[in-house]
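Geometric and topological summary
So the chains spell out like this:
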Number of protein chains: 2
Amino acid sequence: MDAQQKQRVVIVGAGFGGLTAARRIARLPVQVTVVDRKNHHTFQPLLYQVATAGLSPGEIAAPIRWILRTSSNVEVLLEEVLDFNLEQKKVITKDQTLDYDYLILASGATHAYFGHPEWEPLAPGLKTIEDALEIRRRVLLAFELAERRAASGQGEMPLNFVVIGGGPTGVELAGTLAEIARHALKHEFRAIRPEQTRILLIEGSHRVLGTYSEELSQKAKEQLERLGVEVRTSNLVTRIEPGAVVIGEERIPAQVVLWAAGVAASPLGRRLGVPIDRAGRVLVQPDLSIPGHQEVFVIGDLAALADESGKMLPGVAPVAIQQGEYVAKTIARDLEHQPRRSFHYHDKGSLATIGRAAGVAQFGNLKLSGYFAWLAWLFIHIFFLIGFRNRLLVMIQWAWSYLTYERGARLITGSNQLPGWTEPPEKAAETDIPAGQSRG
Amino acid sequence: MDAQQKQRVVIVGAGFGGLTAARRIARLPVQVTVVDRKNHHTFQPLLYQVATAGLSPGEIAAPIRWILRTSSNVEVLLEEVLDFNLEQKKVITKDQTLDYDYLILASGATHAYFGHPEWEPLAPGLKTIEDALEIRRRVLLAFELAERRAASGQGEMPLNFVVIGGGPTGVELAGTLAEIARHALKHEFRAIRPEQTRILLIEGSHRVLGTYSEELSQKAKEQLERLGVEVRTSNLVTRIEPGAVVIGEERIPAQVVLWAAGVAASPLGRRLGVPIDRAGRVLVQPDLSIPGHQEVFVIGDLAALADESGKMLPGVAPVAIQQGEYVAKTIARDLEHQPRRSFHYHDKGSLATIGRAAGVAQFGNLKLSGYFAWLAWLFIHIFFLIGFRNRLLVMIQWAWSYLTYERGARLITGSNQLPGWTEPPEKAAETDIPAGQSRG
């Protein structure tokens, strides 16, 4: 092709997929524009550490334009994409339209509340830095409000934290919350005993970490219970109200409810006007392009593609990263007028951590659990953290909190209100507690 | 006194004064309650580093109950104090009343907009972590929006940042903003040149750092100008509107306006029903108690007291800390039925930093400026940071950004809107820019 008129590549979303694609494509003789609603890339696997006050946001997120600063043919725009015009090859944003020769849609996924949007304010999910800070605020505030209540002679009120969803995020949150209650906050309160906090992990299916082997699911459950988490599988949440979670006939009082149950693909997928699956993911071709538009790729959590065995690829970072690399290679082959190959996912294994020095790992036939799984998790994740500086700081933070049990970022910022705490429903929650406790 | 019925000391506010008092009084045979609206103590001298993305909130703030965790006779309450009943010796909070034998009011100061509360949303001040994050958001967002505008062909728009108030905070903010624009963000933008950002420091009096010697004020001005800051003294702001600051007849377009001009004492001072000065500070006795109530002390920024020479004590950390220590000693003497002594402030000197490797310091007759003042500032402040862990991390952050010019916490969280940017007044600001530039 003529290098004078460089091809324009627009990448929507700077998660693992979009960022990987941008870094690789930057090496080609093309003009790249990365568009994201946030100015920063968030290292999602460590987001639960921000939500549980172990790390500061700045340690797991870095400005997108800083990450891409050395690629002079890449521009980064803080923009909200609204729509596409595939015929005229345009991306329509809130403030402008961007022309493209290649479009890579990597806008990821968001929370799904199974048709109950009213649950969102009561049970925040964990996708963004803002989500993590809101969860941190609620968790820390619950202890403060309980201490205040007890100190003012209104009587001690047992704290119940409910995590809904037994996938990796739910398991990580529940495990870390147990640690905080049992260790980090111990000796810091005078009127309440944080170590008596009940932490429930509610999972709809018959086991946690459903994508892992039955054996590792069992191991994960045992490790969670050792940490003091009540794991309740085959439990479907029927209602969430201020101060309580309802499972069938049972009403569980809960000062903090966290949502780790469902994700839905980014609504931008629908704007492409091509077939999507039930979760709103775009059904892509073997080359990750969409039907009728070889120049439009969809990657990461937003793409729906089956592997050789016909199993759908999971919405995890390794898939997004490999798809980002693949799309870069594919565009390179296009520029050299070589035929496209189809995408193949190489499963290097999966890892989940369960609080302090516990976890499960699955690498092909090799299965790890406990301390070694945790170590593997720790080093792999810190290795992949964006930017040396963050890696170093995270290592120090980790070493520190491992040695001292301390959580470095226990700040409550923003409002001092909790849903269902100061409002009337709280009273209901109170009267329900004996029942709640009798189950404990 | 009878140790069976311990005296109850209530401390309102966990800033430098309240926290110091709590730590010292905890050693006495008394029961201490610390009440604060926030769960964390904020190390205010480094707050400007959070506002300018150099440090994360978790690195300059620590949970109050964590700091006081080892003192079992100290309880910490997250509470908002509303009023007092001095006759019945009660503190009235939002949720309860607290009895006291001794009351120490250390609720500090807040921003003062000189009777223009409408300026606050347009020109945030810097007192809390939330303030710092809001300033960080606005500063980083201004560059992003300018890049977006330029990239979309709407033409390059020179960025103007205006800092109002030439005290230590204003000088620190202006100096650091200049650094960010000239160094940290260089090479990261494609459509705009951050190094062309105009940074104005507006001071009403005839010199910056008015509490320092004329000589050091001059040195500070020179260092600021070397960093690229336009220092305008004897300039009084008459109006702030979205996108602009008005000084007399002159209207300066400004995408970001920061307020470092005035502080007002906490409104709680008025609730004591004793004489206050124009700034709302409580006129305390030589022993820092209030007239007619030996058992009620007011310390820190909320207290108005003159030194030997009749000069009012400044609202700085050393004064608050020494007053906290003094009150602890005084209560100890009361318990031993010894007469009270009056408070004397020992001025150990003052320090201000001006961006990277620049600053001014005044220790008695010793005056430093430039690199050595900055070094002194750096080590003194890191030394006083609460908690070893934070010290270590801040040191690393500092070393890192000193070597690389990088800012570690450049995250935009929350809204992507700026006042006066998307609203109509922005247009006005645009048309005014040539005029603004011609002055440059």
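Refer to the structure above for everything that follows.
Residues numbered from 1 in each chain as written. Chains lettered and ligands numbered in written order. Predicted model: local features only at pLDDT ≥ 70, side-chain atom pairs only at ≥ 80, totals over all residues. Heavy atoms only, no water.

Regarding the relation of the copies chain A and chain B
In screw terms, the move from chain A to chain B is a rotation of 180° and a rise of 0.0 Å along the axis, fitting with an RMSD of 0.0 Å. Considering both components of the superposition, the chain copies are consistent with a two-fold axis. Residue serine 56 of chain A of chain A places its C-alpha closer to the rotation axis than any other residue of that unit, at 3.3 Å. Here 98% of the interface residues in chain A have copies in chain B that are interface residues too; the copies meet face to matching face. (Least-squares fit on C-alpha atoms with pLDDT ≥ 70 in both. Contact = heavy atoms within 4.5 Å.)

Details of the sheet that holds strand E6 (residues 81–85) of chain A
All names here are of chain A. Taken in spatial order, the three strands make up an open sheet running E6-E7-E8, and their pairing is antiparallel. Only two strands of the sheet have a single partner each, and these edge strands are E6 and strand E8 (97–99). On average, each strand axis in the sheet is inclined to that of its neighbour by 25°, with strand direction left out of account. Inspection of the sheet shows E6 paired to strand E7 (residues 90–93) by four bridges, in the antiparallel sense. (Pairing = 2+ DSSP bridges. Helix = DSSP H or I, 4+ residues; strand = E, 2+ residues; numbered from the N terminus. Axes fitted to C-alpha atoms, helices over the stretch in contact; angles between N-to-C directions.)

Quick word on helix H5 (residues 129–151) of chain B
All names here are of chain B. Compared with the 33 Å implied by 1.5 Å per residue over 23 residues, the 33 Å span of H5 between its first and last C-alpha is a close match. Here H5 lies mainly inside the structure; 20 of its 23 residues are buried. Positioned one or two residues after H5, glycine 153 has a phi angle of 75°, which is positive. (Expected span 1.5 Å × (residues − 1). Buried < 20%, exposed > 50% of the residue type's maximum accessible area, 1.4 Å probe, protein only.)

Some words on the pattern of salt bridges
As a working rule, side chains carrying opposite charge can pair if their charged atoms are close by. Inspection of every chain in the model, using the stated rule, returns 42 salt bridges over all chains. Residue glutamate 230 of chain A pairs with arginine 198 of chain A through a salt bridge whose shortest N-O separation is 2.8 Å. One end of the pair, glutamate 230 of chain A, is in strand E13 (residues 229–232); the other, arginine 198 of chain A, is in strand E12 (residues 198–202), with 32 residues separating them in the sequence. Among the salt bridges present, the one from arginine 207 of chain B reaches glutamate 214 of chain B, with a minimum N-O distance of 3.6 Å. Among the charged side chains, a network of salt bridges with common partners joins Glu79 and Asp95 of chain A together with Arg148 of chain B. (Salt bridge = Lys/Arg side-chain N within 4 Å of Asp/Glu carboxyl O.)

Digging into the sheet that holds strand E20 (residues 289–290) of chain A
Residues and elements named next belong to chain A. Strands sit in the order E5-E2-E1-E9-E21-E20 across an open sheet of six strands; the sheet is mixed. Where the open sheet ends on each side, the last strands, each with one partner, are strand E5 (74–78) and E20. Pairing analysis gives three bridges linking strand E9 (residues 102–105) to strand E21 (residues 293–298), with the strands arranged parallel. Across the sheet, the residue bridging to isoleucine 104 is phenylalanine 297, located in E21. The sheet contacts of helix H8 (residues 317–335) involve strand E1 (7–12), strand E2 (30–36), E9 and E21, and relative to E9 the element is tilted by about 170°.

Focus on the side chain of glutamate 79 of chain A
Here glutamate 79 of chain A shows up in the loop between E5 and E6. Under the relative-accessibility criterion, glutamate 79 of chain A is labelled buried at 2%. Separated by 3.2 Å, the side chains of glutamate 79 of chain A and threonine 93 of chain A make a polar contact. Contacts of glutamate 79 of chain A, omitting those with residues within four sequence positions, involve Val35, Asp36, Arg37, Thr93, Lys94, Asp95 and Gln96 of chain A together with Arg148 of chain B. (Polar contact = N/O pair within 3.5 Å; in protein donor to acceptor, adjacent residues only side chain to side chain.)

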